[in-house]
Amino acid sequence: MSLDFADGQNKVFENYSSFEGYVKEIVSNATTNESAITNYSLDIVWLIICACLVFFMQAGFALVEVGSVSMKNTKNILTKNLLDACIGCVSFWLLGYGFAFGDSGKPINKFIGTNGFAVSTLNDDITVGEDSERLYQGNGYAFFIFQFAFAATAATIVSGAVAERCQIVAYFVYSLCLTAFVYPVVVHWGWSTGWASASSMKRTAYSV
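Here the structure is a predicted model, which is why all the values come from computation and not from measurement.

All right, on to the overall build of the protein chain then. When helices and strands are tallied, the protein chain shows seven helices and two strands. In the protein chain, the order of α-helices and β-strands from amino to carboxyl end is β-β-α-α-α-α-α-α-α. Here the protein chain holds 208 residues, and the buried ones make up 38% of them. Counted over contacts in the protein chain with a minimum sequence separation of 6, partners at least 24 positions apart contribute 66%. Within the structure as shown, the protein chain displays about 11400 Å² of accessible surface, and the carbon and sulfur contribution to it stands at 67%.

Right, let's get into the nonpolar core. Core analysis: the largest hydrophobic core is formed by 19 residues, its most contacted members being Phe92, Tyr97, Phe101 and Phe144. Broken down by secondary-structure element, the contributors of at least two residues to this core are helix 2 (34–55), helix 4 (74–101), helix 5 (130–161) and helix 6 (168–191). Setting aside chain neighbours within four positions, we find Phe92 in contact with Tyr97, Phe144, Gln147, Phe148, Ala151, Thr179, Tyr183 and Pro184.

This part is about the confidence of the model for the protein chain. Here the protein chain shows a mean pLDDT of 77. Residues at 70 or above account for 68%. Taken as a whole, residues 2–8 scores under 50 in pLDDT and shows 15 contacts with residues more than four places along the chain or in a different chain. Per-residue pLDDT stays below 50 along residues 203–208; that stretch engages in three contacts with residues further than four places along the chain or on separate chains.

There is a patch of nonpolar side chains on the surface, built from Val45, Trp46, Ile49 and Leu53 and spanning about 410 Å² of accessible area. As for its position among the elements, Trp46 is in helix 2. Trp46 sits in the exposed class, given a relative accessible area of 53%.

Another point: helix 6. Leu178 marks the point of greatest bend in helix 6, at about 50°. Of all the residues in helix 6, the buried ones are Tyr171, Phe172, Ser175, Leu178, Thr179, Ala180, Tyr183, Pro184, Val185, Val187 and His188.

On to the side chain of Ser175, then. Examined against the element boundaries, Ser175 turns out to sit in helix 6. Looking at Ser175, its side chain comes within polar contact range of the side chain of Asp84, at 2.4 Å. For Ser175, the residues in contact, after removing those within four places along its chain, are Asp84, Ile87 and Ala155.

Phi is positive for Ala118, close to 55°, though the residue is something other than glycine. Locating Ala118 in the fold gives a position in the loop between helix 4 and helix 5. Residue class for Ala118 comes out partly exposed when judged on its relative accessible area of 24%. The backbone of Glu164 sits at a positive phi, close to 65°, despite the residue not being glycine. Residue placement: Glu164 occurs in the loop between helix 5 and helix 6.

All chains considered together, the criterion is met by 14 aromatic pairs. Residues Phe55 and Phe148 carry aromatic rings whose centres are separated by 5.8 Å and whose planes lie at 35° to one another, so their mutual orientation is tilted. Linking Phe55 in helix 2 with Phe148 in helix 5, this pair joins segments that are 93 residues apart in sequence. Among the residues examined, Phe55 registers a relative accessible area of 33% and is labelled partly exposed. Linked through ring pairs, Phe92, Tyr97, Phe101, Phe143 and Phe144 together constitute an aromatic cluster. Just above the ring of Tyr171 sits the side chain of Lys80; from NZ or CZ to the centre is 4.5 Å.

About the criteria used
- Residues numbered from 1 in each chain as written.
- Predicted model: local features only at pLDDT ≥ 70, side-chain atom pairs only at ≥ 80, totals over all residues.
- Heavy atoms only, no water.
- Helix = DSSP H or I, 4+ residues; strand = E, 2+ residues; numbered from the N terminus.
- Buried < 20%, exposed > 50% of the residue type's maximum accessible area, 1.4 Å probe, protein only.
- Contact = heavy atoms within 4.5 Å.
- Areas by Shrake-Rupley, 256 points an atom, 1.4 Å probe, with all protein chains shown as cover.
- Core = buried A, V, L, I, M, F, W, Y, C linked by side-chain atoms within 4.5 Å.
- pLDDT = per-residue confidence, 0-100.
- Patch = residues over 30% accessible without salt bridge, like charges linked within 9 Å, V, L, I, M, F, W, Y side chains within 5 Å.
- Salt bridge = Lys/Arg side-chain N within 4 Å of Asp/Glu carboxyl O.
- Bend = angle between axes of the 7 residues up to and from the residue.
- Polar contact = N/O pair within 3.5 Å; in protein donor to acceptor, adjacent residues only side chain to side chain.
- Phe/Tyr/Trp six-rings, centres within 6.5 Å; stacked < 30°, edge-to-face > 60°.
- Lys NZ or Arg CZ within 6 Å of the ring centre and 35° of its normal.

Take a look at the structure:
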């Protein structure tokens, strides 16, 4: 994982745990400065707002699908969209988040994360002070909501294509598999510590 900062610095993190450690350090320093705490809190609020905007795509897809099906199937398609989000939330919380952003340990597992299921890593003991712990965990849960919104949206995209073409049970099985395994694995590859992530690409480039 590689991040470019506004001051021109570039930091490469070997795994998600090292990134979490860096965030904890920032939060610990931030709690000594009231303006820094305010800025950090505003970042969390902005992340949640973005998550809401992404999640609102569920309503957009529902409207598109209602306009694409027969009137008799309107309730069915709306129920599918509602339960799709509910199933996606539970499955991504229970398994998907860990597969996507779990610490793969050493050597790094570039295929899938191996811990952090049920967002358990956000409840780890943090020794940087009570205020810092609240800020750090707040950021972590906001990040989870943001990622869940994308997972649920990815699952809903397909619902329009299979509207009136598959049984509701089959669709829920698909939704469960996508949000619990398929989507998280792809996220781990590209946005965590997987083989296609920025840090892996840089190591590969340097080793050639």
